[in-house]
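# Coordinates in review
Residue-level listing of the chains:
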Amino acid sequence: MDAELKTILGQLVTKIDTLATKDDIRRLEETQLRHGEMLQQHGEMLQQHGAMLQHHGKMLQQHGDRLTAIEAQLQRQSERLMVIDARLDEQRQTINALIPMRIAAVPPAAE
């Protein structure tokens, strides 16, 4: 029996060395609590960032809509300028055509 008890006691001593103490368990619980709090804070921060991203997405959409309106307005102005340019070309051609006729109509004595 003594040998058997020694064997069992030896096994118990070996097992006891691997068991966690109350301090170890308390430290683990504190660490888990801190990690849980940190995860909670990170979750809240992620929600805030998500809300900010949504807000910025809406702002980008609004800016995109404004740019689309400005592009349409620029297109209309470009079309108007093309019409004005064509009219000015017609007037230039008319004036250029009239200049030789006007010169020809002036009598030589008036020169």
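Everything numeric here is computed off the predicted structure, so don't read it as measured data. Every chain's residues receive numbers from 1 upward, in the order its sequence appears when written. In view of the model being predicted, local features appear only for residues whose pLDDT reaches at least 70, and side-chain atom pairs are presented and counted only at 80 or more, with totals across whole chains, interfaces and linings using the full set of residues. No hydrogens and no water enter the side-chain calculation; it runs on all heavy atoms of the structure.

## Describing the overall build of the chain
The criterion, for reference: Helix and strand labels come from DSSP, where a helix needs a run of H or I of at least four residues and a strand needs a run of E of at least two; each type is numbered from the N terminus. To sort residues, take the accessible area from a 1.4 Å probe on protein chains only and compare it with the maximum for the residue type: under 20% means buried, over 50% means exposed, and anything in between is partly exposed. With residues, only the protein chains shown are counted as cover, and all accessible areas are computed by Shrake-Rupley using a 1.4 Å probe. Note that His is not counted, nor are the chain ends; the positive residues are Lys and Arg, and the negative ones are Asp and Glu. A single reference atom marks each charge: NZ on Lys, CZ on Arg, CG on Asp, CD on Glu.
In terms of regular secondary structure, the chain is built from two helices and zero strands. Across the 111 residues that make up the chain, the buried fraction comes to 0%. Carbon and sulfur atoms provide 61% of the accessible area of the chain, an area that totals close to 10700 Å². Each charge class in the chain was averaged separately, 13 positive and 16 negative side chains, and the resulting centres sit 5 Å apart.

## A few points about the pattern of salt bridges
Rule in force here: Note on definitions: salt bridges are taken to be side-chain nitrogens of Lys or Arg within 4 Å of carboxyl oxygens of Asp or Glu.
The tally for this structure, following the rule as stated, stands at four salt bridges. Of the charged contacts in the structure, one is a salt bridge between Glu-30 and Arg-26, with a shortest N-O distance of 3.1 Å. Here Glu-30 pairs with Arg-26, and both are found in helix H2 (residues 22-105), just four residues apart, close to one helical turn. Of the residues examined, Glu-30 reaches a relative accessible area of 36% and is grouped as partly exposed. Judged by relative accessible area, which is 40%, Arg-26 ranks as partly exposed. Sharing partners across several salt bridges, the network here consists of Asp-23, Arg-26 and Glu-30.

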